[in-house]
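Coordinate analysis (summary)
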Amino acid sequence: MSGTKLYEGKAKILFTTDDPHILLSRYKDDATAFNALKKGTIANKGEMNCAIASHIFQYLEAQGIATHFIKQVSPNEMQVAAVQILPIEVVVRNIAAGSICKRLGLAQGQPLKQPLVEFFYKNDDLGDPLITDAHVSMLDLATPEQVAQLKQLALDINHHLQTFFERCNLILVDFKVEIGSDANGHLLLADEISPDTCRLWDKEISDPTARILDKDRFRQDLGNVAEAYQEVMKRVLAAIA
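What counts, and at which threshold
Residues numbered from 1 in each chain as written. Predicted model: local features only at pLDDT ≥ 70, side-chain atom pairs only at ≥ 80, totals over all residues. Heavy atoms only, no water. Helix = DSSP H or I, 4+ residues; strand = E, 2+ residues; numbered from the N terminus. Rg over C-alpha atoms; globule rule 2.2 N^0.38 Å. Buried < 20%, exposed > 50% of the residue type's maximum accessible area, 1.4 Å probe, protein only. Contact = heavy atoms within 4.5 Å. Areas by Shrake-Rupley, 256 points an atom, 1.4 Å probe, with all protein chains shown as cover. Salt bridge = Lys/Arg side-chain N within 4 Å of Asp/Glu carboxyl O. UniProt positions renumbered as here; feature names shortened; annotations may be inferred. Pairing = 2+ DSSP bridges. Expected span 1.5 Å × (residues − 1). Phe/Tyr/Trp six-rings, centres within 6.5 Å; stacked < 30°, edge-to-face > 60°. Lys NZ or Arg CZ within 6 Å of the ring centre and 35° of its normal. Lys, Arg positive; Asp, Glu negative; His and termini not counted. Polar contact = N/O pair within 3.5 Å; in protein donor to acceptor, adjacent residues only side chain to side chain. Disulfide = S-S within 2.5 Å.

Let us now look at the overall build of the protein. Helix and strand counts for the protein come out as six helices and 13 strands. For 241 residues, the compact-globule estimate of 2.2 N^0.38 gives 18 Å, and the protein sits close to it at 17 Å. For the protein, with 241 residues in total, the buried portion stands at 49%. Summarising the internal contacts of the protein: among those between residues at least 6 apart in sequence, 56% fall at separations of at least 24. Element-wise, carbon and sulfur atoms account for 52% of the exposed surface of the protein, whose accessible area totals about 11,700 Å².

This model, assessed by the stated rule, comprises 23 salt bridges. Lys-28 is the partner of Glu-8 in a salt bridge, and the nearest nitrogen-oxygen pair spans 2.9 Å. In this pair, Glu-8 is assigned in strand β1 (residues 5-8) and Lys-28 in the loop between β3 (22-27) and β4 (30-33), connecting sequence segments 20 residues apart. Across the pair Arg-235 and Glu-231 runs a salt bridge whose closest N-O atoms are separated by 2.8 Å.

The residues that UniProt annotates with the feature "domain: SAICAR synthetase/ADE2 N-terminal" (unreviewed entry) are residues 5-235. The span residues 5-235 is 30% helix and 34% strand, and its two end C-alpha atoms sit 33 Å from each other.

What follows is about the pairing of β1. Relative to strand β2 (residues 12-16), β1 runs antiparallel, the two sharing three bridges. Residue pairing across strands places Glu-8 opposite Ile-13, the latter belonging to β2. Counting the residues in the hairpin turn of β1 and β2 gives three residues.

This part covers the pairing of strand β9 (residues 111-121). With seven bridges joining them, strand β8 (residues 84-95) and β9 adopt antiparallel strand pairing. Following the sheet pairing, Ile-88 is matched in β9 by Tyr-121. As judged from the two bridges shared by β9 and strand β10 (residues 130-131), these two strands associate in the antiparallel manner. If you follow Phe-120 over to β10, its bridge partner there is Leu-130.

Take helix α1 (residues 45-62) next. Over its 18 residues, α1 extends 26 Å from the first C-alpha to the last, a length consistent with the 26 Å expected when each residue adds 1.5 Å. Counting buried positions along α1 gives 13 out of 18 residues, so the element sits mostly inside the fold. The first or second residue beyond α1 is Gly-64, which carries a positive phi of 95 degrees.

A few words on the packing of aromatic side chains. Taken as a whole, this structure holds three aromatic pairs when the rule is applied. Measuring from centroid to centroid gives 5.5 Å for Phe-164 and Phe-165, while their planes differ by 65 degrees, and the two rings are edge-to-face. Residue Phe-165 is classed as buried on the basis of its relative accessible area of 1%. Here a set of aromatic residues connected by ring pairs shows up, and it is made of Tyr-59, Phe-164 and Phe-165. A cation sits over an aromatic face here: Lys-38 above Phe-218, 4.7 Å from the ring centre. The residue whose ring lies beneath Arg-211 is Trp-201, and the NZ or CZ to ring-centre distance is 3.8 Å.

What follows deals with the side chain of Asp-128. Position of Asp-128 relative to the elements: it lies in the loop between β9 and β10. Of the side chains bearing the opposite charge, Lys-10 lies closest to the buried Asp-128, which forms no salt bridge; the N-O distance is 5.3 Å. A polar side-chain atom of Asp-128 sits 2.8 Å from the main-chain amide nitrogen of Asn-123. Those residues within four positions of Asp-128 in sequence are excluded, and the remaining contacts are Asn-35, Glu-89, Phe-120, Tyr-121, Lys-122 and Asn-123.

The subject of this paragraph is the state of the cysteines. Scanning all chains against the criterion turns up zero disulfides. Cysteine Cys-198 shares no disulfide, and the gap to the nearest cysteine sulfur, in Cys-168, comes to 11 Å. By relative accessible area, Cys-198 is classed as buried at 3%.

Trans is the common state for peptide bonds, and a negative phi is the common state for residues other than glycine. The phi torsion at Asn-169 lies on the positive side, around 60 degrees, for a residue other than glycine. Unusually for a residue other than glycine, Asp-191 sits at a positive phi of about 60 degrees. In this structure, Asp-191 sits in the loop between β12 (187-189) and β13 (198-202).

As structure tokens, then:
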């Protein structure tokens, strides 16, 4: 049973519960891109992303990655641990795509020599700018110890997600995660892992447009967005079973 609405973001709403240490996360069908300049809806996205995230959180927990996930309680809702989200979006890139191609002149689809971890300042008014460790320190966004933990955690998550999505016959191009600090100061993977936050390409398809199974289909008006999410969910659930 949900209580008071604490926060509504682009993709989820957070509610209080009877336990102050547990929140209810309700996934929405809303879709946004380009810092919410483009808005729309994707049919049943909330239910699909909730199912995908629930299963992947459980998989990562089994690999030793601490997450905020507690349990899925309805098709589009899960209980999560209450955490203080660090104002840093952590992005891990395995293949060049999206903004890094514009920033550095890399070719779309170019494999990177090693996974690249980037930090972005979580601030919609500023457009979530790319920041360095020095910026993190200057803005007091995280301690040096937390920065080191964030980088290692991001790489560990990337390793396990690459292994998992390989089983799904998907290529993990890149992904964004948000990390929260619990009441004891422990860092937990929060937010979600889904086609909203990951670039996922079908491993068996070479066509650069047809292989896209993530929110880029919405960003780039490629069509069949809900079908792409449905395909990812089908593969994730089959890989977990």
